[in-house]
Amino acid sequence: MTGELEVLRRFGLGEDDLEAWRLSETDFEQWLTDRVARRPTGPRARSVYGAEDVHDFARRAILEALLLGPGDRLLEIGCGGGLLLRDALATGANATGIDHSEEMVKLARERAPVVVADANRLPFGEAEFTSVAMSIVFFFFDNPVGVLRECRRVLRSGGRLAIYTTGPELRGTPAAPEPLAAQGHFHSDEELAELARTAGFRDVAVHNEHGGQLMTARV
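Report follows, based on the coordinates. Not measured: the values here are computed from a predicted model.

The full count for this structure, using the stated rule, is seven aromatic pairs. For the ring pair Phe28 and Trp31, a centre distance of 6.4 Å and an interplane angle of 25 degrees mean the geometry is stacked. Residue Phe28 and its partner Trp31 are both found in helix α3 (residues 28-38); the two are separated by three residues, about one turn of the helix. For Phe28, a relative accessible area of 13% corresponds to the buried category. Residue classification places Trp31 among the buried positions, given a relative accessible area of 9%. An angle of 65 degrees between the planes, with centres 5.6 Å apart, marks the rings of Phe57 and Tyr164 as edge-to-face. Of this pair, Phe57 sits in helix α5 (residues 56-66) while Tyr164 is found in strand β5 (residues 155-166), placing the two residues 107 residues apart along the sequence. Judged by relative accessible area, which is 41%, Phe57 ranks as partly exposed. An aromatic cluster of three or more residues is present, and its members are Trp21, Phe28 and Trp31.

Shown next, in the form of structure tokens:
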């Protein structure tokens with residue numbers, strides 16, 4: 001158990017989390033990825049994902065790309081603590097989020113309307129939104145084209161997509177540390193763009209700044 005506890009402490013976790021893993025009877029690396037990033041839970045989840053500076057660089061890039069305003073309706077997939085939704089609402093736009101972490105949904109509901117849902121099966125009708133955003137979540141999707149097709153389905157004609165994700169050059173760095181990185185999916189800039197084109201998006205562009213990838217596209 002000493003090795004697992006040392007890993008947990010690198011991620012700001014402790015003995016209570018170690019006990020939670022033991023009770024879960026699941027693979028340690030998968031459990032850790034869920035606990036820290038994929039389905040955040042525990043006291044750390046609220047303190048990290050409720051913090052004003054969490055992924056602020058990604059949030060700013062997405063909002064600058066989408067240029068939201070009154071008349072827009074935004075869907076954020078993987079909304080975490082709801083900070084991007086809060087900022088979107090401040091522009092006068094309508095904003096809704098989904099997350100598959102019940103704890104994150106409870107946290108985000110303090111700021112915006114949010115529901116528990118799966119990105120592969122969005123609980124919305126066709127053409128309900130003018131914009132879709134994802135911030136540091138695309139990395140975790142096993143079926144990225146399927147998720148993107150769902151995004152296209154719920155977007156209106158001319159609707160905008162903005163995704164901020166982590167490039168392969170950051171694997172093993174603090175931005176994508178092991179063992180979490182082994183549970184995710186990295187795409188080069190061109191691979192990322194091709195995923196969007198395959199899903200039916202147009203005007204696809206990827207801007208890479210030191211491994212942080214911002215992909216934008218339109219329906």
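Counting 31 residues, the largest nonpolar core has Leu75, Ile77, Met134, Leu148, Leu161 and Phe201 as its most contacted members. Elements that contribute at least two residues to this core include exactly β1 (73-77), β4 (129-135), α8 (144-154), β5, α9 (189-198) and β7 (212-218). For this core, the element with the highest residue contribution is α8, accounting for five residues. Not counting chain neighbours up to four residues away, the residues in contact with Leu161 comprise Leu66, Val132, Leu148, Cys151, Phe201, Met215, Thr216 and Ala217.

Pairing is mixed in the open sheet, where seven strands are placed in the order β3-β2-β1-β4-β5-β7-β6. For this open sheet the edge positions go to β3 (114-116) and β6 (202-209), each flanked by a neighbour on one side alone. Between one strand and the next, the sheet's axes are offset by a mean angle of 15 degrees, whatever the strand orientation. Bridge count for β4 against β5 is six bridges, and the pairing is parallel. Following the sheet pairing, Ala133 is matched in β5 by Ala162. Docked against the sheet, α8 engages β1, β4, β5 and β7, running at close to 145 degrees with respect to β5. Against the sheet, α9 touches β5, β6 and β7, its axis set at about 155 degrees to β6.

What follows deals with the environment of Arg10. Along the polypeptide, Arg10 turns up in helix α1 (residues 2-10). Here Arg10 is in contact with Glu178 and Pro179, once residues within four sequence places are set aside.

Moving on, we come to the packing of helix α2 (residues 15-24) against α3. Look at α2 against α3: their axes get within 11 Å of each other, and the N-to-C directions meet at 125 degrees. Taken as axis vectors, α2 and α3 run oblique relative to one another. Handedness of the α2/α3 crossing: right-handed. Along its contact with α2, which presents Asp17, Ala20, Trp21 and Ser24, the element α3 presents Phe28, Trp31 and Arg35. Of the residues assigned to the contact of α2 with α3, the class counts are four nonpolar, one polar and two charged.

Each value, and the rule that gives it
Each chain has its residues counted from 1, running along the sequence as written. Residues qualify for local features only when their pLDDT is at least 70, as the model is predicted, and side-chain atom pairs are given and counted only at 80 or more; totals for whole chains, interfaces and linings, by contrast, use all residues. The side-chain quantities take in all heavy atoms of the structure and omit both hydrogens and water. Pairing of aromatic rings covers Phe, Tyr and Trp, the last counted by its six-membered ring, and requires centre-to-centre distances within 6.5 Å; plane angles under 30 degrees mean stacked, over 60 mean edge-to-face, and any other angle means tilted. For helices the rule is a DSSP run of H or I covering at least 4 residues; for strands it is a run of E covering at least 2, with both sets numbered from the N terminus onward. We call a residue buried when its accessible area falls under 20% of the maximum for its residue type, exposed when it is over 50%, and partly exposed in between, using a 1.4 Å probe and counting protein chains only. The definition of a nonpolar core used throughout is a set of buried Ala, Val, Leu, Ile, Met, Phe, Trp, Tyr and Cys residues joined through side-chain atoms within 4.5 Å. Working rule for contacts: check all heavy atoms of both residues, and any pair within 4.5 Å makes them a contact. For two strands to be treated as a pair, DSSP must find at least two bridges joining them. Under this scheme, a helix contributes an axis fitted over its contacting stretch, all axes are lines through C-alpha atoms, and angles between N-to-C directions fall in the 0 to 180 degree range. Working rule for angles: under 35 degrees goes down as roughly parallel, over 145 as roughly antiparallel, 65 to 115 as roughly perpendicular, anything else as oblique. Note on convention: near helix rotated counterclockwise from far helix by under a right angle means a left-handed crossing. Clockwise means right-handed. Three classes are used, and their members are as follows: Ala, Val, Leu, Ile, Met, Phe, Trp, Tyr, Cys and Pro are nonpolar, Asp, Glu, Lys and Arg are charged, and the others, Gly among them, are polar.

The analysis is restricted to geometry; functional conclusions fall outside its scope.
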